[in-house]
Amino acid sequence: MTEIEDKLGYAFRKVALLERAFTHGSADPDPEKNYQSLEFLGDSILSFVISKRLFSLYPSAKEGALTKMRSCIVSEQPLAEAVAALGIAQYLKMGEGERKSRLWEHESIRCDLYESVVAAIYLDGGLKAAENFILRTLADNIKNARAETKTADAKSKLNEYALKHGKKAEYKEVSKEGEPHAPVYRYAAYVDGEILGEGSGRSKRDAQQEAAAAALSKISSRRTKK
């Protein structure tokens, strides 16, 4: 527990809360002893803290823009990356089968863990303690949120193009390279089964956005030639 506290940068007064935050349902089905309900609470706290921060940073931004920025921060990918950066996923208590299958490496599980930790810190030290943890561990995501929403328009535009022409846009992983804690993903953007662009990024989302941007560029080039 001390090792986990060091990585989290927070010392618990009630260690039982920390233990519960790291207990998967496969290790203990009792809902009062695993992290499932903590995850629910943590999700709400996280959404509030990020909304408050974005409202403070961009007081003149419209609701739609703020919502898009928040989704870039509180979605599965960035939360899973935050857990990977903290190096805490391997401490999860889980069943033998889940342990053998390395369940803790799944993005969805890491995301759940982040939310459960937020809730545990809140219940132990209050909202300010939880807020400090969130703002510290998601600082880069908050800083880059506005730029990411602008880049995200590429994927939205490609989807709009596909729908307008009765086609389907989808993204498939081409490769994954680099160290486990700092992977580089490469994705291909398809429209009706045809590869129109590829892109790389530190996250699946970034790689997909780059692929969408490349696809849009190819579509635009085709239109120019006609």
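First, a word on what this report is: a plain description of the structure on this page.

### Description of the sheet that holds strand β2 (residues 184-191)
Right, so step 1: Pairing in this open sheet of three strands is antiparallel, and the strands run β1-β2-β3 from one edge to the other. With partners counted over all chains shown, the strands left at the sheet margins are β1 (169-177) and β3 (194-201), one partner each. When strand polarity is set aside, the average angle formed by the axes of neighbouring strands in this sheet is 25°.
Right, so step 2: In this structure, β1 lies alongside β2, joined through eight bridges in antiparallel fashion. Among the inter-strand pairings, S175 is bridged to a residue of β2, identified as R186.

### As for the packing of aromatic side chains
Right, so step 1: A complete count under the given rule lists two aromatic pairs for this structure.
Right, so step 2: For the pair Y10 and F12, a centre-to-centre distance of 4.9 Å together with 90° between the ring planes defines the contact as edge-to-face.
Right, so step 3: Across the ring face of Y171, the terminal group of K155 is positioned such that the distance to the ring centre comes to 4.8 Å.
Right, so step 4: Looking at K172, its charged tip hangs above the ring of Y190, at a distance of 4.9 Å from the centre.

### Brief notes about the state of the cysteines
Right, so step 1: One pass over the structure, following the stated rule, counts zero disulfides.
Right, so step 2: Here C72 is not cross-linked by a disulfide; its sulfur's nearest cysteine counterpart is in C111, at 14 Å.
Right, so step 3: Here C72 falls in the buried class, since its relative accessible area comes to 9%.

Quick notes on the rules
Residues numbered from 1 in each chain as written. Predicted model: local features only at pLDDT ≥ 70, side-chain atom pairs only at ≥ 80, totals over all residues. Heavy atoms only, no water. Pairing = 2+ DSSP bridges. Helix = DSSP H or I, 4+ residues; strand = E, 2+ residues; numbered from the N terminus. Axes fitted to C-alpha atoms, helices over the stretch in contact; angles between N-to-C directions. Phe/Tyr/Trp six-rings, centres within 6.5 Å; stacked < 30°, edge-to-face > 60°. Lys NZ or Arg CZ within 6 Å of the ring centre and 35° of its normal. Disulfide = S-S within 2.5 Å. Buried < 20%, exposed > 50% of the residue type's maximum accessible area, 1.4 Å probe, protein only.

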